[in-house]
Amino acid sequence: MKNLASSLNYKNKFLILGCGFSGSFFAKTLRKLGCNALTSSRSESNDPNSFIFNSENGEVPDKKIFEGVTHILSCIPPDKNGNDPVLGNFKNTLKSLSLEWVGYLSTTGVYGNTKGGWVSEIDQPNPFQKRSQKRLNCEKEWIESGLPVQIFRLPGIYGPGRSTFDAIRNKKIRIISKKNQVFSRIHVADITNAIIYLLQNKNSLKFYQIINIADDEPCSQIEVTQYCYDLLGLQMPKPTLFEDAKDELSPIAQSFWMENRRVSNKLLCETLGYKLIYKNYRIGLKNCYLNS
Ligand SMILES: NC(=O)c1ccc[n+]([C@@H]2O[C@H](COP(=O)([O-])OP(=O)(O)OC[C@H]3O[C@@H](n4cnc5c(N)ncnc54)[C@H](OP(=O)(O)O)[C@@H]3O)[C@@H](O)[C@H]2O)c1
């Protein structure tokens with residue numbers, strides 16, 4: 001493996017806008033490589049590398065934050081009107097910088113429901129949910145911004161601290177079965193590592209503006225849940241049929257079950273040559289089990 005520090009180093013200044021689950025993993029990894037990484041959140045934190053950005057109440061950072069920035073990763077979802085909070089507040093500022101790269105975390109929800117069929121980057125998006133239509137709108141805003149942006153479409157994100165184990169532990173688990181229903185997933189470490197891999201090999205790889213980051217093995221939720229109960233040495237409660245459970249689910253939970261698709265990672269893993277750390281939920285969940 002190439003020395004990451006030789007291509008990403010202290011000369012790179014990253015702004016990670018929206019330092020939630022994926023953003024904080026990315027920031028932590030970059031700092032280990034010696035990069036300067038500043039992160040935003042909506043409220044005050046003790047972290048000296050963090051600043052406040054909250055598009056909901058108009059709290060924006062001082063322009064000084066942007067001085068010398070070379071790379072930006074936005075992990076912030078669309079606002080309630082379907083606009084991108086980062087572009088809404090900083091588009092002109094970003095355009096005035098000499099940015100080498102901008103990453104935007106999007107969702108595979110933009111593909112809509114394919115009734116279990118595979119989707120890849122060349123498929124026309126066909127968002128079914130309102131929130132996915134908003135997301136596609138934000139993707140367009142980023143593409144039309146003229147910035148050197150790369151969009152990463154993500155399925156369900158999990159990792160230590162956010163997995164089926166946590167749902168079991170917090171008694172938030174609903175064991176639901178729906179015939180032929182599958183979900184795609186990605187471990188948070190693979191989001192970070194895939195992006196770093198692409199940045200590290202930027203000069204030798206063809207540039208693709210839209211890339212799916214998903215693991216190799218879309219499968220049913222029941223299969224994943226059963227695996228977690230087995231690892232914990234517990235008996236999994238009897239599943240409820242989706243039809244019987246759906247009225248008790250929150251609208252957001254219901255909406256996840258309304259779409260069924262398999263997300264292809266061929267562009268990332270075959271064409272671009274990225275090797276997944278956690279190529280399926282079994283390996284990924286073992287990591288969560290050992291780190292929680
Ligand atoms: N979770 C999933 O399974 C999943 C799947 C596919 C795609 N995605 C998308 O991928 C991205 C990263 O996901 P994630 O789960 O890592 O996200 P996350 O943990 O929910 O973090 C989102 C970040 O955005 C910030 N944020 C939200 N609204 C904001 C606003 N109006 N102004 C400024 N900051 C705002 C949050 O601030 P605070 O830190 O103050 O909360 C947080 O730092 C998100 O866009 C998400 O929608 C998520």
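Residues numbered from 1 in each chain as written. Predicted model: local features only at pLDDT ≥ 70, side-chain atom pairs only at ≥ 80, totals over all residues.

Participant: Help me get a handle on the overall build of the protein chain, residues and values and all.
Facilitator: Secondary structure summary: the protein chain contains eleven helices and 13 strands in total. Here the C-alpha atoms of the protein chain give a radius of gyration of 19 Å, agreeing with the 19 Å that 2.2 N^0.38 yields for 292 residues. Projected onto its principal axes, the C-alpha coordinates of the protein chain cover approximately 55 × 40 × 40 Å. Counting all 292 residues of the protein chain, 36% fall into the buried class. (Helix = DSSP H or I, 4+ residues; strand = E, 2+ residues; numbered from the N terminus. Rg over C-alpha atoms; globule rule 2.2 N^0.38 Å. Buried ≥ 20, exposed ≤ 12 C-beta atoms within 10 Å, placed from the backbone.)

Participant: For the site of the ligand, give the residues involved together with the corresponding values.
Facilitator: The ligand sits among 23 residues. The nearest are Gly18, Gly20, Ser22, Ser41 and Arg42. Breaking the shell around the ligand down by element, the ones donating at least two residues are helix H2 (21–32), strand E5 (101–107) and strand E8 (156–158). Top element by residues in the shell around the ligand is H2. It accounts for three residues. Residues that form the shell around the ligand fall into these classes: ten nonpolar, ten polar and three charged. (Near = placed C-beta within 6 Å. Nonpolar A, V, L, I, M, F, W, Y, C, P; charged D, E, K, R; others polar.)

Participant: Please set out the confidence of the model for the protein chain residue by residue, giving values where relevant.
Facilitator: When pLDDT is low, close inspection of the predicted coordinates is not appropriate. Put simply, the protein chain has an average pLDDT of 95, and 98% of its residues get 70 or more. Note that pLDDT drops below 50 for residues 1–5; the model gives that stretch six contacts with residues more than four away or on any other chain. (pLDDT = per-residue confidence, 0-100. Contact = placed C-beta atoms within 7 Å.)

Participant: Lay out the pairing of strand E2 (residues 36–41) with the relevant residues and their values.
Facilitator: Strand direction decides the pairing type here: strand E1 (residues 13–17) and E2, joined by four bridges, are parallel. Within E2, the residue paired with Ile16 across the bridge is Thr39. As paired strands, E2 and strand E3 (residues 50–52) are joined by three bridges and run parallel to one another. When the sheet's bridge partners are listed, Thr39 is paired in E3 with Ser50. (Pairing = 2+ DSSP bridges.)

Participant: Which residues make up the pairing of strand E7 (residues 149–154), and what are the values?
Facilitator: Judged by how many residues are buried, E7 sits mostly within the fold: six of six residues are covered. Residue alternation in E7 divides its side chains into two sets, Val149, Ile151 and Arg153 and Gln150, Phe152 and Leu154, and both sets are buried. Bridge analysis of E5 against E7 gives six bridges, and the strand direction is parallel. Its bridge partner being in E7, Gly103 is matched across the sheet by Gln150. Sheet topology places E7 next to strand E11 (residues 210–212); three bridges connect them, and they run parallel. Following the sheet pairing, Phe152 is matched in E11 by Ile211.

Participant: Before we move on, can you summarise the sheet that holds E7 with the specific residues and values?
Facilitator: The strand order across the open sheet formed by seven strands is E3-E2-E1-E4-E5-E7-E11, and the pairing between neighbours is parallel. Of all the strands in the sheet, just E3 and E11 have a single pairing partner and so form its edges. For this sheet, the mean angle separating the axes of adjacent strands, direction not counted, is 20°. (Axes fitted to C-alpha atoms, helices over the stretch in contact; angles between N-to-C directions.)

Participant: An account of unusual backbone geometry is needed here, citing residue identities and associated values.
Facilitator: Phi at Lys115 is positive, roughly 55°, even though this residue is not glycine. In this fold, Lys115 is placed in the loop between E5 and strand E6 (118–119). Phi at Asn180 is positive, roughly 65°, even though this residue is not glycine. Inspection of the secondary structure assignment puts Asn180 in the loop between strand E9 (176–177) and strand E10 (185–187). What makes Asn180 exposed here is the crowd of 8 C-beta atoms within 10 Å.

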